[in-house]
Amino acid sequence: MKTFSDLLATKASLAVDVNGTVSYMCLFDTLVLDATKPATVNGIEVLPKYRYLARDGVLTIPSPFYSWYHKISGQGWLLIPDNFSQ
Amino acid sequence: MRINNSGHYEYCRWAVKADRNNEPNIQQQSPLYYFQFHMAPVREAMLKGQTLPGCSECYLQEQHGKVNGRQRQLLKTGVRLNDFENTMLSSPWIDEFVNSERHEGVTTQTPQDWQIDLGNYCNSACIFCTPDSSSRLATEYRRIGLIDETPRANWCEDTEKLNTLIDALLQSKIKYLHFIGGETLITPAFKKILLTLVEENLHKTITIGFTTNLTVWDQDIVDLLVQFEQVNLGMSVECLHPLNDYVRYGSNIDTVKNTMEQWIIVAEQNHWVVQLRITPTIFSIWHLDTIYQYAYDRNISVESCNFLNEPDYMRPSVLPDHMRAQAIAKLKAWLSNYTVIDSEQIINTRNPAFAQQQLLQDAQSYVNYLETQADESFRLPTLVDYLKLIEYSRKNNILDYLPEYENILRSAGY
């Protein structure tokens, strides 16, 4: 990846590993995980680390995953553009 | 974005200082025009994957595992270098980056994060500082013939220029303003800007960051600061040893310690973020462990803008190898008292939950630097020439503060 255009052409995805079984999701998919099983997303531990956020045994991670992870892992401000809407 | 001490704009607060005053001045161009249009070539170059010469100090820090401004600013847009593609594509800014690329780097956004250098009005004359950042040093340099003219009056003493800045702040979606001097607390513009922001009701949404040299206290300013949503307090200190008085000339270590404790009390009462701001030199690197110990005991982080670049004869890498080995041993001995958790590099240096691990990582980065940075002890004679001149003016002697350096300084002509 050399330029911003190269970056935009990248086919990024989320490798969701639940208890050793890997499935691939889109970068902007909402993730719904069984909170009783260990899970990583692109190698980042999600369960059991964030099990305390689960409801009724399910951890729902809103899209995009990386913005959720930024906030939940204490990375500080996530500035947003003036006209941002999501 | 930055407005430097002479009132010139800079595209980044950490960009290297070469040609810094060739950029437009606040008198010539509005801050918003500079941000939206003048900075376009910078954005365009970055979008094309080019490495800007101004980013070299941040890359040097990365080489030694030290967290730098580039990483900290990227993180505010959700981007992390260790997962660059995924985090960039997920950033709330991705559409704005696309728009900017389509318009050759131009943006319709307004600045959200500014550093404002208030000028050189300062009661200290730190040995590594410059006349552009210290009026006291400027006066001394002129007296001893190191400069022909003192810098022009602070840009923010000009009411028209200051009002231009304040107007731009009111038009922007400001999240963070970081002020440095000179000494912020004795610079009238600092109080005026804070007062204006409170009067305009912006104190409920803006975080104020500032650094202070711990020699003064202004209760009126403290009373203004506590009204803001958040304050990031930076306390400038080089070591918890009398050597600090030599390096940060004009300060007294007992006053510095007392003032630090006073600030820490205010910070705890108001949930401020506190950092020790250091500029390690060939001198203070010797007692750097005292900084980390003080910070560790109080759970506050330590930050330096860079590995000192200028003046080049005061870089820690000027320390000869055998002395460097001792400085490394002192830092390693301190580090050995604590457990470094095997976690990824802490970029958000302002999260108190990470403070102790952050400063262990920072201390390690100085070990890495001292172990691997090329020997620059050939600069010792230049350092000694400078010391002779400045000590003649100040009637002091580095060996009274740092007797361990006698042999290396004597061998270089001291």
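Re the sheet that holds strand S4 (residues 39–41) of chain A
All names here are of chain A.
Okay, so step 1: Taken together, the four strands give an open sheet; going across it, the order is S2-S1-S4-S5, and neighbouring strands pair in antiparallel fashion. On the outer flanks of this sheet lie strand S2 (21–26) and strand S5 (44–47), each paired with one strand and no other. Pairwise comparison of adjacent strand axes, ignoring direction, gives a mean angle of 25 degrees for this sheet.
Okay, so step 2: Strand direction decides the pairing type here: strand S1 (residues 13–18) and S2, joined by six bridges, are antiparallel. Counted as the bridge partner of Ala-15 is Tyr-24 from S2.

A few points about the domain arrangement of chain B
Residue and element names in this part refer to chain B.
Okay, so step 1: Domains assigned within chain B are domain 1 (2–102), domain 2 (120–153 + 175–277) and domain 3 (305–414).
Okay, so step 2: A straight line from the C-alpha centre of domain 1 to that of domain 3 covers 28 Å.
Okay, so step 3: Contacts between domain 1 and domain 3 engage 14 residues on the former and 17 residues on the latter.
Okay, so step 4: A per-class count over the side of domain 1 that touches domain 3 returns four nonpolar, five polar and five charged.

Some points on the interface of chain B and chain A
Okay, so step 1: Each side of the interface is counted separately: chain B has 28 residues, and chain A has 24 residues.
Okay, so step 2: Counting residues per element, the ones that place at least two in the side of chain B that touches chain A are helix H4 (69–76), helix H5 (84–90) and helix H6 (94–102) of chain B.
Okay, so step 3: Per element, the largest residue contribution to the side of chain B that touches chain A is six residues, and it comes from H5(B).
Okay, so step 4: Looking at side-chain class alone, the side of chain B that touches chain A contains nine nonpolar, eleven polar and eight charged residues.

Here's the deal with H4(B)
Residue and element names in this part refer to chain B.
Okay, so step 1: The complete set of buried residues in H4 reads Gln-71, Leu-75 and Lys-76. Taken down its axis, H4 places every buried residue within 140 degrees of arc, on the same side.
Okay, so step 2: Of the surrounding elements, those touching the buried residues of H4 are strand S3 (113–117).
Okay, so step 3: One or two steps after H4, the chain reaches Gly-78, where phi turns positive at roughly 85 degrees.

Some details on the sheet that holds strand S1 (residues 2–3) of chain B
All names here are of chain B.
Okay, so step 1: Taking strand neighbours across the sheet as the criterion, the eight strands line up as S2-S1-S3-S4-S5-S6-S7-S8 in an open arrangement whose pairing is mixed. Looking at the sheet topology across the chains shown, the edges are occupied by strand S2 (9–10) and strand S8 (301–303).
Okay, so step 2: Bridge analysis of S1 against S3 gives two bridges, and the strand direction is parallel. Along S3, the bridge assignment pairs Arg-2 with Gln-115.
Okay, so step 3: Strands in contact with helix H12 (residues 253–270) are strand S6 (230–236) and strand S7 (273–277); relative to S6, the strand with the most contacts, it is inclined by about 165 degrees.

The rules behind the values
Residues numbered from 1 in each chain as written. Chains lettered and ligands numbered in written order. Predicted model: local features only at pLDDT ≥ 70, side-chain atom pairs only at ≥ 80, totals over all residues. Pairing = 2+ DSSP bridges. Helix = DSSP H or I, 4+ residues; strand = E, 2+ residues; numbered from the N terminus. Axes fitted to C-alpha atoms, helices over the stretch in contact; angles between N-to-C directions. Domains from an automatic or database assignment. Contact = placed C-beta atoms within 7 Å. Nonpolar A, V, L, I, M, F, W, Y, C, P; charged D, E, K, R; others polar. Buried ≥ 20, exposed ≤ 12 C-beta atoms within 10 Å, placed from the backbone. Arc of directions from axis to C-beta.

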